[in-house]
Amino acid sequence: MSSKTILAGLLALILSCVPALADGGGGGSRDGMDSGGGQRSGLSSKATQAVVKTLTSGFERCGTLPQVYKFDCYRHTYKLAAQKLNGNQAYAEAYKALVLVEETLTTAVKQNLDPAQKPKRKGLNLYRAVKPAAVPQIKRQTERAMKQAETILLRSPASKKEHYTRIAQAVNSNKVLLRSALLPGGMIRLAWNLLKVAVPA
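How each quantity is defined
- Within any chain, residue numbers begin from 1 and follow the written order of that chain's sequence.
- Totals for whole chains, interfaces and linings use all residues, but because this is a predicted model, local features are given only for residues with pLDDT of at least 70 and pairs of side-chain atoms are given and counted only at 80 or more.
- Here the side-chain values reflect all heavy atoms present in the structure, with hydrogen atoms and water set aside.
- Two cysteine sulfur atoms make up a disulfide if the distance between them is within 2.5 Å.
- Counting from the N terminus, the helices are DSSP H or I runs at least four residues long and the strands are E runs at least two residues long.
- The classification of residues rests on relative accessible area computed with a 1.4 Å probe and restricted to protein chains. Under 20% of the type maximum is buried, over 50% is exposed, and intermediate values are partly exposed.
- Under this scheme, a helix contributes an axis fitted over its contacting stretch, all axes are lines through C-alpha atoms, and angles between N-to-C directions fall in the 0 to 180 degree range.
- In these notes the angle categories are as follows: under 35 degrees is roughly parallel, over 145 is roughly antiparallel, 65 to 115 is roughly perpendicular, and the rest is oblique.
- Each helix crossing is assigned a hand: it is left-handed if the near helix lies turned anticlockwise from the far helix by less than a right angle, otherwise right-handed if that turn is clockwise.
- Contact definition: two residues touch when any of their heavy atoms are within 4.5 Å.
- Residue polarity follows a fixed list, in which Ala, Val, Leu, Ile, Met, Phe, Trp, Tyr, Cys and Pro are nonpolar, Asp, Glu, Lys and Arg are charged, and the others, Gly among them, are polar.

A.B. asks: Break down the state of the cysteines for me, citing the residues and quoting the values.
C.D. replies: Scanning all chains against the criterion turns up 1 disulfide. With a sulfur-sulfur separation of 2.0 Å, C62 is cross-linked through a disulfide to C73. Across the S-S bond linking C62 and C73, the dihedral sits near -85°, which makes this disulfide left-handed. You can see C62 sitting in helix α2 (residues 45–62) and its partner C73 sitting in helix α3 (residues 67–83), a full 11 residues away along the chain. Residue C73 is classed as buried on the basis of its relative accessible area of 1%.

Structure follows, in structure tokens:
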């Protein structure tokens, strides 16, 4: 068999793969995963829901911890949520927004650690305490970062609006829980906020 015949055969084989690669770039994947179950790519309801669930369930879990441990738990929640989008360019802005909140909390917790308090275990994770006097300041920093994250998400291109809006809503819910959990009578305020959403004026 001549070298020209071999090259022609290889070229035909390569060209036959082009339609499959062009169709979503994922070998026929329809749920944002490649055929080997590896790196996610593209917008998908599955990926968006995974982030939303991580943010909502994570914050609910953090709410059961004593006040001074909540912020390290919040940090961990946003870290997990961001990891679910890492490397997926379709969610680049959403990843940036989540990392912004995570990094804000990471810095705040690190700068205000309370050496007098031992880490507290919740599930498989250990969370560190911050100094009680630093709680109001960390809360303001966290809330400001969440607002910035919402802005990034809500300014997303129209093609991403549906998915990004759902993530922004989860961040906003976290913000409501943050306010309620760290203020006296927090549960009453949370109930009132939920009531206002359910029954608009």
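A.B. asks: Give me the packing of helix α5 (residues 135–154) against helix α6 (residues 161–181): which residues, what numbers.
C.D. replies: The axes of two packed helices give the description: the angle between them and the distance between them. One way to put it is that α5 packs onto α6 with a least axis distance of 9 Å and a crossing angle of 165°. Overall, the two elements α5 and α6 adopt an arrangement that is roughly antiparallel. With respect to the hand of their crossing, α5 and α6 are arranged in left-handed fashion. Here α5 contributes K139, T142, E143, M146, K147, E150, L153 and L154 to the contact with α6, which in turn contributes K161, Y164, T165, I167, A168, V171, N172, N174, K175, L178 and R179. Partitioned by chemical class, the residues of the contact of α5 with α6 number 8 nonpolar, 4 polar and 7 charged.

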